[in-house]
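Architecture at a glance
Residues per chain are reported as follows:
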Protein chains: 2
Amino acid sequence: MARLVDFTKHPSKTLKVGNGFALADTDPDATPGFSGMKADGKALLADLDGKLAEYQEKLFAESRFGGTKRLLLILQGMDTAGKGGIVNHVMAPMDPQGVQFKAFKAPTPEEKSYDFLWRIEKEVPAAGMVGIFDRSQYEDVLIHRVHGWTPPEELKRRYVAINEFEARLTDSGTKIVKVMLYISRDEQKERLLARLDNPAKHWKYSRGDLDERAFWADYMAAYQVAIDETNTEVAPWHVVPANKKWFARIAVQQLVLGAFADLHLEWPKADFDVAVEREIVERS
Amino acid sequence: MARLVDFTKHPSKTLKVGNGFALADTDPDATPGFSGMKADGKALLADLDGKLAEYQEKLFAESRFGGTKRLLLILQGMDTAGKGGIVNHVMAPMDPQGVQFKAFKAPTPEEKSYDFLWRIEKEVPAAGMVGIFDRSQYEDVLIHRVHGWTPPEELKRRYVAINEFEARLTDSGTKIVKVMLYISRDEQKERLLARLDNPAKHWKYSRGDLDERAFWADYMAAYQVAIDETNTEVAPWHVVPANKKWFARIAVQQLVLGAFADLHLEWPKADFDVAVEREIVERS
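A brief look at the structure comes next. (Residues numbered from 1 in each chain as written. Chains lettered and ligands numbered in written order. Predicted model: local features only at pLDDT ≥ 70, side-chain atom pairs only at ≥ 80, totals over all residues. Heavy atoms only, no water.)

A separate point is the side chain of Ser184(A). All names here are of chain A. Of note, Ser184 is situated in the loop between strand E4 (174–182) and helix H8 (185–197). Within the structure, the side chain of Ser184 is placed 3.1 Å from the backbone nitrogen of Glu187, a separation counted as a polar contact. Apart from the residues lying within four places of it in its own chain, the contact partners of Ser184 are Pro28, Trp216 and Asn243. (Helix = DSSP H or I, 4+ residues; strand = E, 2+ residues; numbered from the N terminus. Polar contact = N/O pair within 3.5 Å; in protein donor to acceptor, adjacent residues only side chain to side chain. Contact = heavy atoms within 4.5 Å.)

This part covers the pairing of strand E5 (residues 237–241) of chain B. Residue and element names in this part refer to chain B. Buried residues dominate E5, accounting for five of its five residues. Residues Trp237, Val239 and Pro241 line one face of E5 and the alternating positions His238 and Val240 line the opposite face, and both faces are buried. Two strands pair when backbone bridges link them, and strand E4 (residues 174–182) and E5 are joined in this way by five bridges, in the parallel orientation. Note on E5: the bridge partner recorded for Leu181 is Val240. (Buried < 20%, exposed > 50% of the residue type's maximum accessible area, 1.4 Å probe, protein only. Pairing = 2+ DSSP bridges.)

Attention now goes to helix H11 (residues 245–262) of chain B. Residue and element names in this part refer to chain B. In this model H11 runs 26 Å from its N-terminal to its C-terminal C-alpha over 18 residues, within 8% of the 26 Å that 1.5 Å per residue would give. Among the 18 residues that make up H11, 15 are buried, leaving the element largely enclosed by the rest of the structure. Positioned one or two residues after H11, His264 has a phi angle of 50°, which is positive. (Expected span 1.5 Å × (residues − 1).)

Each pair of packed helices gets described by two things: the angle between the helix axes and the distance between those axes. Residue and element names in this part refer to chain B. Where helix H7 (residues 152–171) contacts helix H10 (residues 216–230), the two axes come as close as 9 Å, and the packing angle between them is 45°. It follows from the interaxial angle that H7 and H10 lie oblique. Crossing of H7 against H10: the hand is right-handed. Along the contact surface, H7 presents Tyr159, Ile162 and Asn163, while H10 presents Val225, Ala226, Glu229 and Thr230. Among the residues making up the contact of H7 with H10, the classes are represented as four nonpolar, two polar and one charged. (Axes fitted to C-alpha atoms, helices over the stretch in contact; angles between N-to-C directions. Parallel < 35°, antiparallel > 145°, perpendicular 65-115°, else oblique. Left-handed = near helix turned anticlockwise from the far one by under 90°. Nonpolar A, V, L, I, M, F, W, Y, C, P; charged D, E, K, R; others polar.)

Further remarks concern helix H8 (residues 185–197) of chain B. Under the 1.5 Å per step criterion, the end-to-end length of H8(B) is 19 Å for 13 residues, consistent within 8% with the ideal 18 Å. Buried within H8(B) are the following residues: Glu187(B), Gln188(B), Lys189(B), Arg191(B), Leu192(B), Leu193(B), Arg195(B) and Leu196(B). Taken together, the buried residues of H8(B) touch helix H12 (274–283) of chain A together with helix H9 (207–213), H10 and H11 of chain B.

Moving on, we get to the side chain of Glu166(B). Residue and element names in this part refer to chain B. Tracing the sequence through the fold places Glu166 in helix H7. Of the polar contacts made by the side chain of Glu166, one reaches the side chain of Gln137; its length is 3.1 Å. If we ignore the near neighbours within four places in the chain, the residues touching Glu166 are Ile74, Gln137, Tyr138, Ile176, Lys178 and Ala235.

On the surface, Lys38(A), Lys42(A), Lys204(A) and Lys245(A) cluster together to form a positively charged patch. With respect to the helices and strands, the residue Lys204(A) is situated in the loop between H8 and helix H9 (207–213). (Patch = residues over 30% accessible without salt bridge, like charges linked within 9 Å, V, L, I, M, F, W, Y side chains within 5 Å. Areas by Shrake-Rupley, 256 points an atom, 1.4 Å probe, with all protein chains shown as cover. Salt bridge = Lys/Arg side-chain N within 4 Å of Asp/Glu carboxyl O. Lys, Arg positive; Asp, Glu negative; His and termini not counted. Charge placed at Lys NZ, Arg CZ, Asp CG, Glu CD.)

The operation relating the pair of chain copies consists of a rotation about an axis and a translation along that axis. By a simple turn and slide, chain B fits onto chain A: the slide is 0.0 Å along the axis, the RMSD is 0.0 Å, and the turn is 180°. Taken together, the rotation and translation describe the operation of a two-fold axis. Identified as the residue of chain B closest to the rotation axis by C-alpha distance is Ala92(B), at 3.3 Å. (Least-squares fit on C-alpha atoms with pLDDT ≥ 70 in both.)

A few words on the pattern of salt bridges. Under the defined criterion, the tally for this structure stands at 36 salt bridges over all chains. Note that Glu54(A) is salt-bridged to Lys58(A), the shortest N-O span being 3.9 Å. You can see Glu54(A) and its partner Lys58(A) sitting in helix H2 (residues 38–64), four residues apart, about one turn around the helix. A salt bridge links Asp197(A) to Arg278(B), with the nearest nitrogen and oxygen atoms 2.8 Å apart. In this pair, Asp197(A) sits in helix H8 while Arg278(B) sits in helix H12 (residues 274–283), so the two residues belong to two different chains. Using a relative accessible area of 46% as the deciding quantity, one classes Asp197(A) as partly exposed.

A few words on the sheet that holds strand E1 (residues 70–77) of chain A. The pairing of strands in a sheet happens through backbone hydrogen bonds and is either parallel or antiparallel. Residue and element names in this part refer to chain A. Ordered by their spatial adjacency, five strands build an open sheet running E2-E3-E1-E4-E5, and the pairing between neighbours is parallel. Two strands bound the open sheet, and with one partner strand each, they are strand E2 (99–103) and strand E5 (237–241). This sheet shows a mean twist of 20° between the axes of neighbouring strands, independent of strand direction. Of the strand pairs in this sheet, E2 and strand E3 (residues 130–134) are connected by five bridges, and their pairing is parallel. Pairing of Ala103 across the sheet is with Asp134, part of E3. Helix H7 (residues 152–171) rests against E1 and E4 of the sheet, and its axis sits at about 135° to E4. Where helix H10 (residues 216–230) meets the sheet, its contacts fall on E1, E4 and E5, and the angle it forms with E4 comes to roughly 155°.

Here's what the structure looks like:
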């Protein structure tokens, strides 16, 4: 078996947004910290499936003994950026019992009648759970800014509210991983055309995607502002070059593995005498 | 690569409960319709992962174009019977976006204040979704019968209510697959001891499991009655020999694949002119 190619520099370092970050300077084709090719990426991804699943089980197990830790992966990106693929190919090895997945669509009239965080709060992960948000509270400062649905002062209130919300989640035991999957406008065109070329993917095609595509530059500006305003110490942003799907997947896998490691998870210590219980089971 | 061993007789035939079914006559070690060994089972399971995922995507896709079909897998069985393993090893290849998983635990005080189907109704799959119940409405006629928490006339009402409930789900587009994972009392002992022998599994061990184990014969009687009372044409029971985990997994996979096939799923036809859309995307 060929030797695995590993990252030389961890994505939590290379992809974490720092001071003076400019989305415009990010290369969506890049593979920072990884010198391997697609096959190497796929091999690395598969190799770490088991580790990810073990972390998730430990997190779940801790909560059965009173642990309050949890993990929340927030995925943002333009249409076709690969959010669904991350869920399907990176997070799938985890036990569905321990995963809360939520895809946030356009809000319902009921949801719209509340503060924008109302529907988000209902979906945050319970103790021991891994939450995955496919889109999130950030839609309320992205599409809203692009189309001018929300005035500037309300957008400002929302950035602050998001930071307070995420700080509160963190204080109650949640490790937040925020990811923007960054593709180029040309790459999106290729992916839309690929959907049209495959009858099994026609259902994913929507003319509406083109409407948003027309506002590409405005979206990038909205992302830049949102990232600037909400790139906090407890919940920093990671901008993941995503023109190469395989790279985006191993990068996000690394970010999630790193977040799990930060949680310092341990198998719960037995609160019973194993030998005594063995006896009881044997006799039962 | 070795040739795949396939079922010679489909589990939807061999494991489906028929007239005069007796749980006591079922051999939990059997592998009906399958002549292969463990390695053959694992190979078959892996081989059909992709087919299962494709079915699930088709189901989801149909619902985006107005389809109302859905699938509900109901898993019942004694502790350690392998319900979680089915979720993790059989159903995991499906896109989490299209799966609604629910593990029913002991009801909360709020849940208890309603009819027993109240909390179940809230978890039925939406159009296009695959629902998975780890335990279900059947707990309300199993543990309740075993411990006498519910008088006989109320149990009778519940069997009827369950049949009406499942008929209504079926009428509104749901294909229901009911599975009892059948292990022997000795096999449960082995699995409990195995949990005690592995520190990474201690968190799964609970003295409370032994309390229920002591009522094994009563549980088997309760299952027999529940199966007799709720084995309807639209939602028949399947009793899956589960002493061999690998067999239970391929058997349930076959049952789910068969249910998907019965739904006659098709990729939605494009409601747009592909050539026209290609032009528009190219120019966008």
